[in-house]
Amino acid sequence: MVKLDFNIGDLNFKNPVLTASGTFGYGSEFDDFLDVSRLGGIIVKGTTLEPREGNAYPRMAETPSGMLNSVGLQNKGIDYFERNIYPKLSQYKTNVIVNINGSSIDDYVALAERINDLDHIPAIELNISCPNVKMGGMVFGTNPASTREVTKAVRAVCLKKLIVKLSPNVTNIVEFANIVQEEGADAISLINTLLGIAVDIHKMKPSLSTVTGGLSGPAIKPVALRMVWQVARAVKIPVIGIGGIMNAEDAIEFLLAGASAIQVGTASFIDPQTSVKILEGIESYLVNKGFNDIEDIIGFINKPC
Amino acid sequence: MAKRIESLQIIENKHLNNDFFIIELKGNGQIPEMKPGQFVQVKVDGSPGTFLRRPFSIHDVNYDRNTYKLLVQIVGKGTETLSKLKKGDSLNTIYPLGNSFSLPGKGQRPLLVGGGCGIAPLLFLGKYLKKNGYDPDILLGFRSRDRIIEYNEYIELGEVFLTTEDGSRGEKGLVTEHPLLSSSRYDMIYCCGPDPMMKAVAKFSIEHKINCEVSLENLMGCGIGACLCCIVETVKGNLCTCTDGPVFNTNDLKW
Ligand SMILES: Cc1cc2nc3c(=O)[nH]c(=O)nc-3n(C[C@H](O)[C@H](O)[C@H](O)COP(=O)(O)OP(=O)(O)OC[C@H]3O[C@@H](n4cnc5c(N)ncnc54)[C@H](O)[C@@H]3O)c2cc1C
Ligand SMILES: Cc1cc2nc3c(=O)[nH]c(=O)nc-3n(C[C@H](O)[C@H](O)[C@H](O)COP(=O)(O)O)c2cc1C
Ligand code: FES
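Remember, it's a predicted structure, so these values are computed and weren't measured experimentally.

What counts and what doesn't
- Residues numbered from 1 in each chain as written.
- Chains lettered and ligands numbered in written order.
- Predicted model: local features only at pLDDT ≥ 70, side-chain atom pairs only at ≥ 80, totals over all residues.
- Heavy atoms only, no water.
- Helix = DSSP H or I, 4+ residues; strand = E, 2+ residues; numbered from the N terminus.
- Rg over C-alpha atoms; globule rule 2.2 N^0.38 Å.
- Buried < 20%, exposed > 50% of the residue type's maximum accessible area, 1.4 Å probe, protein only.
- Areas by Shrake-Rupley, 256 points an atom, 1.4 Å probe, with all protein chains shown as cover.
- Lys, Arg positive; Asp, Glu negative; His and termini not counted.
- Charge placed at Lys NZ, Arg CZ, Asp CG, Glu CD.
- Near = heavy atom within 4 Å.
- Polar contact = N/O pair within 3.5 Å; in protein donor to acceptor, adjacent residues only side chain to side chain.
- 1 Å grid on protein atoms, 1.4 Å probe; cavity = no way out; pocket = protein on both sides within 12 Å on 5 of 7 lines; lining within 4 Å.
- Sits in = over half its atoms within 2 Å of the grid points.
- Nonpolar A, V, L, I, M, F, W, Y, C, P; charged D, E, K, R; others polar.
- Pairing = 2+ DSSP bridges.
- Axes fitted to C-alpha atoms, helices over the stretch in contact; angles between N-to-C directions.
- Contact = heavy atoms within 4.5 Å.
- Parallel < 35°, antiparallel > 145°, perpendicular 65-115°, else oblique.
- Left-handed = near helix turned anticlockwise from the far one by under 90°.
- Phe/Tyr/Trp six-rings, centres within 6.5 Å; stacked < 30°, edge-to-face > 60°.

Enquirer: Just checking my understanding: could you explain the overall build of chain A for this structure?
Expert: Of the regular secondary structure elements, chain A holds 9 helices and 16 strands. For chain A, whose C-alpha radius of gyration is 18 Å, the value lies close to the compact-globule estimate of 19 Å for 305 residues. Here chain A holds 305 residues, and 61% of them are scored as buried. Accessible surface computed for chain A: about 12000 Å², of which carbon and sulfur atoms make up 53%. Side chains of chain A give 27 positive and 32 negative charges; the mean places of these two sets differ by 3 Å.

Here it is as structure tokens:
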């Protein structure tokens with residue numbers, strides 16, 4: 001048996017394959033295709049205090065080896081989540097993590113406090129990197145001072161493990177990683193989507209109602225990998241790699257570059273079974289390479305030979 | 001019915017004209033029960049230009065042959081690639097997805113209205129109505145005579161009426177201009193086609209207080225309710241075309 005588990009502080013994940021927020025619904029959308037409980041964890045849809053309708057249609061555009069989205073955090077709010085979604089989520093035998101979003105620091109704090117009361121949610125992912133909302137989101141994650149402020153404020157109340165999700169839309173990602181580590185984050189996940197646009201040349205209009213959207217998919221993988229590599233070398237806390245991971249090979253690249261775990265995003269749209277296939281692929285890679293602990297390959301490319 | 005992901009074998013790819021073709025897919029095991037209005041997410045080839053799956057309505061199902069068909073119009077890269085697939089090739093599909101058309105009330109008269117690739121789900125629907133004891137009439141709109149696709153199978157289901165925008169066949173004009181529509185013979189209209197057609201038929205139905213269901217073709221990221229990209233504004237808030245639809249009652253849509 002290969003050892004696949006990893007820890008964020010004292011929170012154990014049975015394997016390093018998680019699913020990315022906004023791409024895996026609440027897990028149940030995938031029940032027909034895989035056993036969600038096999039995964040290391042799932043990060044559910046971006047959640048806000050109040051219900052949100054999100055942005056107007058069209059909210060997506062396909063782009064070469066990727067897609068732009070401007071969903072804008074459509075969700076039914078934390079009350080609905082707690083009453084109607086949380087009970088179902090509690091049945092999964094895996095770490096269920098809530099991705100929290102706000103327009104103000106008070107929103108983030110209030111949400112973190114609400115989640116403190118939910119026994120089956122062992123961690124939150126602080127999303128300060130959503131490019132698709134006017135207030136909040138990326139506004140926090142692209143400014144060092146507000147990144148510090150929001151992380152500090154949430155840390156002060158959060159009794160769960162705190163994962164901070166970074167935006168790639170910055171010049172120096174390491175600066176942001178250091179800030180969230182200093183303010184007490186237990187782990188860092190990256191990257192969220194890259195800001196982009198697409199134009200419909202037939203209609204001679206932007207493809208998205210919001211003009212700008214977030215780019216995801218294989219198109220962003222090299223950028224994501226570079227940022228994960230930079231951050232993993234700079235911080236001591238675990239790094240969770242995200243961005244264009246389509247298969248086990250992609251996932252292993254992230255692990256070798258320094259990620260302790262990965263999240264599968266857009267790939268789940270194309271093959272809903274991607275996450276379990278990646279899990280199986282990582283396991284056989286380790287076996288074939290003669291490793292019996294995944295720990296041995298994390299950041300391998302940085303090790304002196 | 002549980003959704004499944006399967007690579008299915010193409011047993012026929014029949015070209016109807018320059019724009020349209022029908023792919024017939026054979027189930028691996030027994031194909032599941034499918035309902036008219038439901039759709040399939042097809043993986044084209046995973047190339048950079050056709051990265052996401054493409055949604056297509058279930059055009060026809062044959063449980064005896066254990067096959068189902070897709071009627072596809074070539075509009076871009078993905079559909080172009082699909083048009084070139086041959087018998088024996090395989091196609092990865094996720095199906096059956098979405099909700100379905102509802103049956104009319106007892107003794108009510110249904111009318112099916114379709115245009116372009118929007119006629120795809122209407123064959124399956126027509127057969128379903130027929131099986132349940134209804135006699136649908138069918139109104140199909142095309143741009144011109146050479147765009148008309150084979151509709152023999154529809155004739156077996158009910159009377160077929162045609163319109164072409166240039167008048168080269170059938171009534172000249174749009175489906176909404178056909179006298180049939182205003183004959184007020186119908187209690188239930190089912191419509192699928194380009195957005196302007198569906199909107200016009202919806203408007204007509206609402207004005208004449210006729211129950212009307214449309215099948216929407218919103219852009220889709222996933223087809224399974226995970227991405228929230230396919231939303232449509234309804235009186236109940238934003239709903240997903242892929243899970244709450246693709247079939248909607250026009251009374252619910254904010255058109
Ligand atoms: C539920 C549902 C059922 C559908 N059923 C059928 C069907 O039975 N037969 C059929 O031929 N088509 C159907 N469509 C539309 C079909 O999915 C698109 O035509 C197809 O995805 C285009 O792929 P492409 O790569 O060829 O085009 P692309 O190269 O992606 O795009 C070419 C052009 O087509 C437009 N387009 C792309 N996707 C859509 C879409 N979803 N709706 C409208 N226009 C689009 C683009 O804006 C662009 O102008 C359905 C769509 C939905 C959502
Ligand atoms: C449709 C869609 C919705 C998303 N919603 C969220 C969200 O609510 N919160 C969040 O932190 N990230 C969200 N993301 C970003 C993903 O979690 C992920 O960081 C990004 O897509 C990059 O990974 P990928 O290339 O594997 O998709 C969303 C992405 C997509 C495509
Ligand atoms: S297409 Fe993803 S939710 Fe409908």
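Enquirer: Which parts of the structure should I look at to understand the site of ligand 2?
Expert: Around ligand 2, the surrounding shell holds 23 residues, and the nearest of these are Ser21(A), Lys165(A), Gly217(A), Gly244(A) and Thr266(A). Chains contributing residues to the immediate surroundings of ligand 2 are chains A and B. Contact distances for ligand 2 include 2.6 Å between an oxygen atom and a backbone N or O atom of Gly244(A). Within the complex, the protein chains bury 96% of what would otherwise be the 610 Å² of accessible surface of ligand 2. Comparing atom positions with the cavity grids shows ligand 2 to sit within the largest cavity. Of the residues assigned to the shell around ligand 2, the class counts are 7 nonpolar, 15 polar and 1 charged.

Enquirer: Help me understand the sheet that holds strand E2 (residues 20-26) of chain B in this model?
Expert: Two pairing modes exist for strands in a sheet, parallel and antiparallel, and in both the strands are linked by backbone hydrogen bonds. Residues and elements named next belong to chain B. Here we have 7 strands laid out as an open sheet, ordered E4-E3-E7-E1-E2-E6-E5, and antiparallel in their pairing. Edge positions in the sheet fall to strand E4 (54-57) and strand E5 (60-62), since each has one partner strand and no second. Each strand axis lies, on average, 35° off the axis of its neighbour in the sheet, ignoring direction. As paired elements, strand E1 (residues 4-15) and strand E7 (residues 90-97) share 6 bridges and run antiparallel to each other. In the sheet register, Ser7 faces E7, and the bridge partner there is Asn92. Its contacts with the sheet put helix H2 (residues 120-131) on E4, E5 and strand E6 (67-73), and the angle it makes with E5 is roughly 50°.

Enquirer: Any chance you could explain the packing of helix H1 (residues 77-89) of chain A against helix H2 (residues 105-116) of chain A here in plain terms?
Expert: Helix packing for two helices is described by the angle between their axes and how far apart those axes are. All names here are of chain A. In the contact formed by H1 and H2, the axes pass within 11 Å of each other and the chain directions differ by 10°. Our classification of the angle between H1 and H2 gives roughly parallel. In this structure, the crossing between H1 and H2 has a hand that is right-handed. Contacts between H1 and H2 involve Ile78, Asp79 and Glu82 on the former and, on the latter, Leu111, Arg114 and Ile115. A class-by-class count of the residues in the contact of H1 with H2 yields 3 nonpolar, no polar and 3 charged.

Enquirer: Is there a simple way to think about the packing of aromatic side chains in this case?
Expert: Any aromatic ring pair is given by two values, namely how distant the centres are and how the planes are angled relative to each other. Residues and elements named next belong to chain A. Counted under the stated rule, the structure contains 7 aromatic pairs over all chains. Residues Tyr26 and Phe81 carry aromatic rings whose centres are separated by 6.2 Å and whose planes lie at 45° to one another, so their mutual orientation is tilted. Within this pair, whereas Tyr26 is found in the loop between strand E3 (17-19) and strand E4 (41-47), its partner Phe81 is found in helix H1, the two being separated by 55 residues in sequence. Taking 6.1 Å as the distance between ring centres and 75° as the angle between the ring planes, the aromatic pair formed by Phe291 and Phe300 counts as edge-to-face. Accessibility expressed as a relative area gives 41% for Phe300, which makes it partly exposed.

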